[in-house]
Structure formats: C-alpha cells, structure tokens
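Topology and contacts: notes
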Amino acid sequence: MEQTKQPAITVDPTAGDSLAMAGGNYRIIISGQQTQREFAVIDMLVPPGSGPGPHAHASFQENFYVVDGEIEVRTETQTYVARKGAFVNIPKGGIVHAFKNKSGQMAHLLCIVVPAGLDDFFKAAGTPVSAGTFLPPVPMDEAGINKMKEISEKYGQQLFPPDYLDTL
C-alpha cells in the first residue's frame, strides 16, 4: 500500500509565534501542530542574565544548539559552558536542569524538543510579543509561582526552587 507523502515544511524568517519568556524572546519556528507532535523547534534569544530556573521534564528530550554567544547549563550532575557551535542534549527521564546567559552578550540558541509539547507550554506561559522584543521576567511572588507551577505541571514539567542546583 502506498503511503501519502507529506509536504515539506517551510518557514519564513519572520514566521512563527514570538513570546517573551524567562527574560528572553522565543520564536516557535516549527510547532508540534505542524509535525504531528513529533518535534518542535524554538529559536531562543537570551539576553545577559536571563534563562530559565531549575526544571525537569520526564517525557521529552530537549536539545540546544548554540548559534551565537554562550550559556551556562547546569544539571544535577554537571555544569557546562556551552559556547557558539556547542550542542547540549537533556535526555528524557527528568534530570533537573537550568541555563543562564552569564556573558555580556546576547545568546542565540536553537531548541529542538522531541516529542513536541514545550512549544505549547511556551504559548501558555509566555507573553506574545513582536520578534526581537524583550520583556523583563515576570516577578515571582507567591501568586506568580503558583500560576507558573500550574501551567508547568499541565505541560509535563516540574519546577524547582532557584537555588535547587546549588545544593547538590
């Protein structure tokens, strides 16, 4: 039986939802809706001092390719400074991890998640903005923390205190 061939996915340089998230600007290049939930690709611009706090997700792997700049990636087992051209894989299974741009220049990352789902989380938790627009991180008072935990859990993620990886 002959399979129906799927069309190629093409994306213009300015297409896709741009969201303010964790102090950065994240553009969903390819969403899970476009790939039958197989994967998603997110373009991340991470200003100095920005990046997500400690979190884990057991049901999908998250991959980062550093297009430009650098980030410090921390996990339960290691700390790694990922510079331009570096690749980081956070495997399925739920290892706690975080990253932060500790340099003085913008970091540019491509994030690929398999299967998709992180893109839906970003749409629910982020603030729609135009491409390249940055908003300060949302203050994390008790109400903000509870809201973010609720959204995170809905999309298969677990949040940890900001100093969680410091105690390991």
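What you see is a predicted model, and the numbers here were worked out from it, not measured in a lab.

Positionally, Ser-130 belongs in the loop between β11 (127-128) and α2 (142-154). Spatially, the C-alpha atoms of Ser-130 and Ala-20 are 9.0 Å apart, while their sequence positions differ by 110 residues. If we ignore the near neighbours within four places in the chain, the residues touching Ser-130 are Ser-18 and Asn-25. Engagement of the side chain of Ser-130 in a polar contact is seen with the side chain of Thr-133, the distance being 2.7 Å.

Taken as a whole and judged by the stated rule, the model has five aromatic pairs. Aromatic pair Phe-121 and Phe-122: ring centres 5.7 Å apart, planes at 50°, arrangement tilted. With relative accessibility at 5%, the residue Phe-122 sits in the buried group. Ring geometry for Phe-160 versus Tyr-164: centroids 4.6 Å apart, planes at 40°, classification tilted. Look at Tyr-164 and you get partly exposed, because its relative accessible area is 25%. The structure contains a cluster of three or more aromatic residues connected by ring pairs, namely Tyr-26, Phe-121, Phe-122 and Tyr-155.

Along the chain, Arg-27 falls in strand β2 (residues 24-30). Asp-43 provides the closest opposite charge to the buried, unpaired Arg-27, separated from it by 4.1 Å. Of note is the side chain of Arg-27, whose polar atom sits 3.3 Å from the backbone oxygen of Pro-13.

The next subject is the pattern of salt bridges. All chains considered together, the criterion is met by five salt bridges. Here Glu-72 ties to Lys-102 by a salt bridge, and the two come within 3.0 Å at their closest N and O atoms. Pair noted here: Glu-72 is in strand β6 (residues 70-75) and Lys-102 is in the loop between β9 (97-100) and β10 (107-114), with a separation of 30 residues, a long-range link. We classify Glu-72 as buried; its relative accessible area is 17%.

Geometrically, a packed helix pair is captured by the angle between its two axes and the distance between the axes. Contact pair helix α1 (residues 118-125) / α2: the axes reach a minimum separation of 9 Å and the direction vectors enclose 155°. Between α1 and α2, the interaxial angle falls into the category roughly antiparallel. Here the hand of the crossing between α1 and α2 comes out right-handed. Counting all contacts with α1, which are made through Phe-121, Ala-124 and Ala-125, the residues of α2 involved are Met-148, Ile-151 and Ser-152. Tallied by class, residues from the contact of α1 with α2 come to five nonpolar, one polar and no charged.

On to the nonpolar core, then. Core analysis: the biggest nonpolar cluster contains 29 residues, and Met-44, Phe-99 and Phe-122 have the highest contact counts within it. Beyond its immediate stretch of four places on either side in the chain, Phe-122 contacts Leu-19, Met-21, Tyr-26, Ile-42 and Met-44.

How each quantity is defined
Residues numbered from 1 in each chain as written. Predicted model: local features only at pLDDT ≥ 70, side-chain atom pairs only at ≥ 80, totals over all residues. Heavy atoms only, no water. Helix = DSSP H or I, 4+ residues; strand = E, 2+ residues; numbered from the N terminus. Contact = heavy atoms within 4.5 Å. Polar contact = N/O pair within 3.5 Å; in protein donor to acceptor, adjacent residues only side chain to side chain. Phe/Tyr/Trp six-rings, centres within 6.5 Å; stacked < 30°, edge-to-face > 60°. Buried < 20%, exposed > 50% of the residue type's maximum accessible area, 1.4 Å probe, protein only. Lys, Arg positive; Asp, Glu negative; His and termini not counted. Salt bridge = Lys/Arg side-chain N within 4 Å of Asp/Glu carboxyl O. Axes fitted to C-alpha atoms, helices over the stretch in contact; angles between N-to-C directions. Parallel < 35°, antiparallel > 145°, perpendicular 65-115°, else oblique. Left-handed = near helix turned anticlockwise from the far one by under 90°. Nonpolar A, V, L, I, M, F, W, Y, C, P; charged D, E, K, R; others polar. Core = buried A, V, L, I, M, F, W, Y, C linked by side-chain atoms within 4.5 Å.

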